[in-house]
Amino acid sequence: AAPSPIGIDPLQSVAKELKFLTGNIQQLLGSGHPMLDTVAKYYTQSEGKYVRPMLVLLMSQATALTLKHDRSTPQALDVDSSMSPSTVLADSNPSPLTSPPVVEDTADTSVLPSQRRLAEITELIHTASLLHDDVIDNSISRRSAPSANIQFGNKMAVLAGDFMLGRASVALARLRDPEVTELLATVIANLIEGEFMQLKNTASDEKHPTYSQETMEYYLQKTYLKSASLISKSTRAAAILGNCSPDVVEAAYSYGKNLGLAFQLVDDMLDYTVSGAELGKPAGADLELGLATAPLLFAWKDNKELGTLVGRRFAEQGDAHDLVIQSNGIEQTRAMAEDYINKAREAIAFFPESQAKAGLLDMCTKVLQRRK
Ligand code: FPP
Ligand code: MG
Ligand code: MG
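Residues numbered from 1 in each chain as written. Chains lettered and ligands numbered in written order. Predicted model: local features only at pLDDT ≥ 70, side-chain atom pairs only at ≥ 80, totals over all residues.

Under an unreviewed UniProt entry, the name given to the chain is Decaprenyl-diphosphate synthase subunit 1, and the source organism is Aureobasidium namibiae CBS 147.97. Quoted straight from UniProt, the Sequence similarities (unreviewed entry) entry for the chain says "Belongs to the FPP/GGPP synthase family." Quoted straight from UniProt, the Cofactor (unreviewed entry) entry for the chain says "Mg(2+)". (UniProt positions renumbered as here; feature names shortened; annotations may be inferred.)

> How would you explain the overall build of the chain if you had to name every residue and give the values?
Each helix and strand in the chain was counted, giving 17 helices and two strands. When the 372 residues of the chain are sorted by exposure, 43% land in the buried category. Intrachain contacts of the chain at a sequence separation of at least 6 include 82% that bridge at least 24 residues. (Helix = DSSP H or I, 4+ residues; strand = E, 2+ residues; numbered from the N terminus. Buried ≥ 20, exposed ≤ 12 C-beta atoms within 10 Å, placed from the backbone. Contact = placed C-beta atoms within 7 Å.)

> Which residues make up the site of ligand 1, and what are the values?
For ligand 1, the set of nearby residues contains 18 residues, the closest of which are Ser129, His132, Asp133, Leu191 and Glu195. Taken together, the elements giving at least two residues each to the shell around ligand 1 come down to helix H5 (113–136), helix H7 (154–173), helix H8 (178–202) and helix H9 (213–241). Here the shell around ligand 1 is built from residues that sort into eight nonpolar, five polar and five charged. (Near = placed C-beta within 6 Å. Nonpolar A, V, L, I, M, F, W, Y, C, P; charged D, E, K, R; others polar.)

> Help me get a handle on the environment of Arg167, residues and values and all.
Looking at where Arg167 falls in the secondary structure, it is placed in helix H7. Along the backbone, Arg167 and Pro34 are 133 residues apart, and their C-alpha atoms lie at a distance of 16 Å. What Arg167 contacts, discounting residues up to four positions off in sequence, is Leu28, Leu29 and Leu124.

> Could you give me a rundown of the nonpolar core, with the residues and numbers involved?
Ranked by internal contacts, the top residues of the largest apolar core, which has 96 residues, are Leu58, Met59, Ala160, Ala252, Leu259, Ala262 and Leu360. For this core, the element with the most residues is helix H10 (residues 246–273), which contributes 15 residues. Ala262 has contacts with Ala337, Tyr340, Ile341, Ala344 and Val367, leaving out every residue within four places of it along the chain. (Core = buried A, V, L, I, M, F, W, Y, C linked by C-beta atoms within 7 Å.)

> Tell me about helix H2 (residues 34–45), and please be specific about residues and values.
The end-to-end C-alpha distance of H2 is 16 Å, a good match for the 16 Å that twelve residues give at a rise of 1.5 Å each. Looking at the buried residues of H2, the elements they touch are H5, strand S1 (141–142), helix H6 (148–152) and H7. (Expected span 1.5 Å × (residues − 1).)

> So, the environment of Thr293: which residues are in play, and what are the values?
One can find Thr293 in the loop between helix H12 (285–288) and helix H13 (294–302). Ignoring sequence-local partners within four residues, the contact set of Thr293 consists of Asp268, Asp271 and Asp286.

> Account for unusual backbone geometry, with residues named and values stated.
Phi at Asn138 is positive, roughly 55 degrees, even though this residue is not glycine. Among the structural elements, Asn138 can be located in the loop between H5 and S1. When the 14 C-beta atoms within 10 Å are taken as the criterion, Asn138 is described as partly exposed. With a phi angle near 55 degrees, Asn243 is a residue other than glycine that sits in the positive phi range. Here Asn243 lies in the loop between H9 and H10. Using a count of 17 C-beta atoms within 10 Å as the deciding quantity, one classes Asn243 as partly exposed.

> Got a sec to walk through the confidence of the model for the chain? Specific residues and values, please.
Averaged over every residue, the pLDDT of the chain is 87; the share at 70 or more is 86%. Confidence, expressed as mean pLDDT per element, reaches its minimum in the chain at helix H4 (residues 85–89) with 46 and its maximum at helix H16 (residues 329–347) with 98. In the model, residues 76–87 has pLDDT below 50 throughout and makes 16 contacts with residues more than four positions away in sequence or in other chains. Quick note on the complex model: pTM equals 0.88, ipTM equals 0.97. (pLDDT = per-residue confidence, 0-100.)

> Quick rundown of the packing of H9 against H10? Include the residues and the values.
Their axes nearest at 7 Å, the elements H9 and H10 cross at an angle of 145 degrees. Note that H9 runs across H10; the crossing there is right-handed. The residue makeup of the contact of H9 with H10, split by class, is 15 nonpolar, eight polar and two charged. (Axes fitted to C-alpha atoms, helices over the stretch in contact; angles between N-to-C directions. Left-handed = near helix turned anticlockwise from the far one by under 90°.)

> Give me the environment of Trp300: which residues, what numbers.
Take Trp300: it is sitting in helix H13. Sequence spacing of Trp300 and Ser141 is 159 residues, and the spatial spacing of their C-alpha atoms is 29 Å. Here Trp300 is in contact with Tyr211, Leu306, Gly307 and Val310, once residues within four sequence places are set aside.

> Run through H13, naming residues and quoting values.
Helical periodicity: at 3.6 residues per turn, an α-helix aligns residues three or four positions apart in one direction. With seven of nine residues buried, H13 lies mostly within the body of the structure. Listing the buried residues of H13 in full gives Ala294, Pro295, Leu296, Leu297, Phe298, Ala299 and Trp300. In this fold, the buried residues of H13 make contact with H9, H10, helix H14 (306–311), helix H15 (317–326) and H16.

Right, dumping it as structure tokens:
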């Protein structure tokens, strides 16, 4: 990892925390039924990236150093206007970017037990969505191993995902925080809304669709729901559990939203640029599924002929793939991801300097550089 301004690997501050994470997740997933136990734990035993728990832990540490807030009057929940495209596209971080007060670096800033549990819950929800996703996408591999649907069949994969959501809900209820419960429950609904938007996108029955501004807005809204919602609402929840002031809660949300959008844009780019062997899951899967993601949408914007291929849902995938590669769709996708990453960085600029803040900024760099 790149050295941080304070000379230590910024992700080291959560390394210790992460060691407990997998064990705790296994505990949350224990079932008396041996087969259910095996299927539910299957993806948690492979090498995940743990992006979401890492972000929750880093946000918990980074915001522990900010001023605290009296929560006797509940904060307004304004996050579910997330269905409107303008909410996703507008950057609404209201906090003035004053220069950060330098606080003594506290490498072992403790994470609250509730925040640690939140980190585990985010990974449970994410993994449950992957179990269902691989069934929906008819995928054959995940994390360099056969996907759960291949290993155990669709029925068990779907049921194990449901079981995980159940256990995540129990853990969430035990946090005894209605605002955080509402946020994470909304995430689950958003994941399904995002998948439905994607289905509708593929099921377009127009033979010659035309590219318009709404095409990209629809894609970004879908991207928010399927990826950025979980990341942003969990970084927000981490700040809420830490009793942070409203501007810090808003900054945590804005950081997660922008980083989450960038994360999925990069994911959609890697589907075109990296081999399946390197990804640990099938490459080129989106065109095969008839999905128009950012690289193709940018190519289509510049080459209206692509509309015919979109109308046929890429029956000739080779043609669509070549046209995307020949266009600057990949570069424009990367540039869009960079814009969101810059917004994520700006959102937390006013946080006091700390190893954890450096870790959050380091995650921004890693999202842009990652190849899997
Ligand atoms: C991966 O996307 C999938 C998601 C980010 C979310 C999938 C959500 C569902 C299937 C809805 C059900 C949700 C729950 C909580 C059970 P991808 O297919 O683009 O990426 P991939 O290349 O990793 O498969
Ligand atoms: Mg999918
Ligand atoms: Mg998939």
